[in-house]
Amino acid sequence: MATLQKARQRMDGAIEALRREFASVRTGKASPALLDSVRVEAYGSPMPLNQVGTVSAPEPRMLTVQPWDKTMLKAIEKALRESDLGLNPSNDGNMIRIPIPALTEERRKEFVKMLHKLTEEARVAVRNVRRDANDEVKSRQKDEGLSEDDIRREQGEVQKLTDQYIAKIEELMKHKEAEIMEV
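Position numbers for residues start from 1 in each chain and track the written sequence from start to end. Local features in this predicted model are restricted to residues of pLDDT 70 or higher, and side-chain atom pairs are both shown and tallied only at a pLDDT of 80 or more, whereas totals for entire chains, interfaces and linings draw on every residue. Each side-chain value is derived from all of the structure's non-hydrogen atoms; neither hydrogens nor water enter the calculation.

Participant: Even after reading the chapter, I still don't get the overall build of the protein, so can you show me in this structure?
Facilitator: Segments assigned H or I by DSSP are reported as helices when at least four residues long, segments assigned E as strands when at least two residues long, and all are numbered from the N terminus. Along the backbone of the protein there are four helices and six strands. The globule rule used for comparison is 2.2 Å times the number of residues to the exponent 0.38, while the radius of gyration itself is calculated over C-alpha atoms. Taken against the 2.2 N^0.38 rule, which gives 16 Å for 183 residues, the C-alpha radius of gyration of the protein at 22 Å runs more than 25% over that of a compact globule. Only protein chains enter the area calculation, which uses a 1.4 Å probe; residues under 20% of their type maximum are buried, those over 50% are exposed, and those in between are partly exposed. Residue burial in the protein is summarised as follows: out of 183 residues, 39% are buried. The contacts of the protein with a sequence gap of at least 6 include a subset with a gap of at least 24, amounting to 65%. Method for areas: the Shrake-Rupley scheme with a 1.4 Å probe, in which residue coverage is limited to the protein chains shown. Of the roughly 10,600 Å² of accessible surface on the protein, a fraction of 51% belongs to carbon and sulfur atoms. Separation between the mean location of the 32 positive side-chain charges and that of the 32 negative ones in the protein comes to 2 Å. Residues count as neighbours in contact if any of their non-hydrogen atoms are within 4.5 Å of one another. The charge count treats Lys and Arg as positive and Asp and Glu as negative. His and the chain ends do not count. In this description, the location of a charge corresponds to atom NZ of lysine, CZ of arginine, CG of aspartate or CD of glutamate.

This is the structure in structure tokens:
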């Protein structure tokens, strides 16, 4: 059963990776996770935005960045403008305010297409785990002399596990798509 345990852990990893990817996809609402992909040129090297300041969402359509070092304001503002998020930050000398504009219908559809691509990548990752688990079961047949019935039973359990994780991925996709398409 170690095979099933390993497969479950790797599939959990695929689900977590998908959740992180989905968190960075912009919806009409402000979420600090939206800025996780932004890198700021700080002290000679690119750093994640959340390591040079505090990101918060004080209002449903507004994000704020409070830098720990006031000299970083310009670099943070520049990084936000250059990111592919389409945001327009404003600097008041102490903090950066980032209004989150409502998404157009066309932009929503683009984001949904991107979600479908990310979802397919997660499905492929889960299927790769299934393939590896099945290969491991087959190799155990040679090494440990498992019977054909044992092989079929274990591969059936691996398939059940795969189906459960594919269903979880589909559920995450439906939820995120509804969130994006909501006006």
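Participant: Would you explain the pattern of salt bridges in this entry?
Facilitator: Salt bridges are defined as contacts in which a side-chain nitrogen from Lys or Arg sits within 4 Å of a carboxyl oxygen from Asp or Glu. Inspection of every chain in the model, using the stated rule, returns 17 salt bridges. The partner of Arg 131 in a salt bridge is Asp 132, with the nearest N and O atoms 3.2 Å apart. The class of Asp 132 is partly exposed, set by a relative accessible area of 27%. Members of the salt-bridge network, linked through shared partners, are Glu 120, Arg 123, Arg 127 and Glu 170.

Participant: Mind showing me how you'd approach helix α1 (residues 2-23) here?
Facilitator: Along an α-helix, residues three or four apart share an orientation, since each turn contains 3.6 residues. Residue count minus one, scaled by 1.5 Å, sets the expected span of a helix. Taking 1.5 Å per residue as the helical rise, α1 with its 22 residues ought to reach 32 Å, and the 32 Å between its terminal C-alpha atoms agrees with that figure. Packing partners of the buried residues in α1 comprise α3 (105-144) and α4 (148-181).

Participant: I would appreciate a short explanation of the side chain of Asn 134 in the present structure.
Facilitator: Tracing the backbone through its elements, the reader meets Asn 134 in helix α3. A relative accessible area of 17% places Asn 134 in the buried class. Sequence-distant contacts of Asn 134, that is, excluding residues within four places in its chain, are made with Gln 155 and Val 158.

Participant: I would appreciate a short explanation of the packing of aromatic side chains in the present structure.
Facilitator: Centres within 6.5 Å make a pair out of two Phe, Tyr or Trp rings, where for Trp the six-membered ring is used; the pair is then stacked when the planes are under 30 degrees apart, edge-to-face when over 60, and tilted otherwise. All chains considered together, the criterion is met by zero aromatic pairs. The positively charged end of Lys 168 is found above the aromatic ring belonging to Tyr 165, 4.3 Å away from the centroid. The criterion is that NZ of a Lys, or CZ of an Arg, lies within 6 Å of the ring centre and within 35 degrees of the ring normal, and then a charge sits over that ring.

Participant: Would you take a moment to explain the layout of surface pockets for this structure?
Facilitator: Using a grid of 1 Å spacing that covers the protein atoms alone, one calls a set of points a cavity when a 1.4 Å probe fits there but cannot get out, and a pocket when the set is open and has protein on both sides within 12 Å along at least five of seven lines; lining residues are those with an atom within 4 Å of a point. Grid points are joined across faces, edges and corners, and a volume is the space filled by probe spheres set on the points. Size it by volume and the largest pocket reaches roughly 200 Å³. Ser 24, Val 25, Asp 84, Leu 85 and Met 114 are the residues nearest the centre of the largest pocket, which is lined by twelve residues in total. The greatest single-element share of the lining of the largest pocket, amounting to five residues, is contributed by α3. Residue polarity is assigned by list, with Asp, Glu, Lys and Arg as charged and Ala, Val, Leu, Ile, Met, Phe, Trp, Tyr, Cys and Pro as nonpolar; anything else, Gly included, falls into the polar class. The class makeup of the residues in the lining of the largest pocket is five nonpolar, two polar and five charged.

Participant: It is not clear to me how the environment of Asp 163 should be interpreted in this structure. Could you clarify?
Facilitator: Positionally, Asp 163 belongs in helix α4. Separated by 46 residues in the primary sequence, Asp 163 and Lys 117 place their C-alpha atoms 19 Å from one another. For the purposes of these results, a polar contact is taken to be a pair of N or O atoms within 3.5 Å, where, inside protein, one atom must be able to donate a hydrogen and its partner to accept one; residues adjacent in sequence count only when each atom of the pair is a side-chain atom. Polar contacts involving the side chain of Asp 163 include one to the side chain of Gln 159, which spans 2.8 Å.

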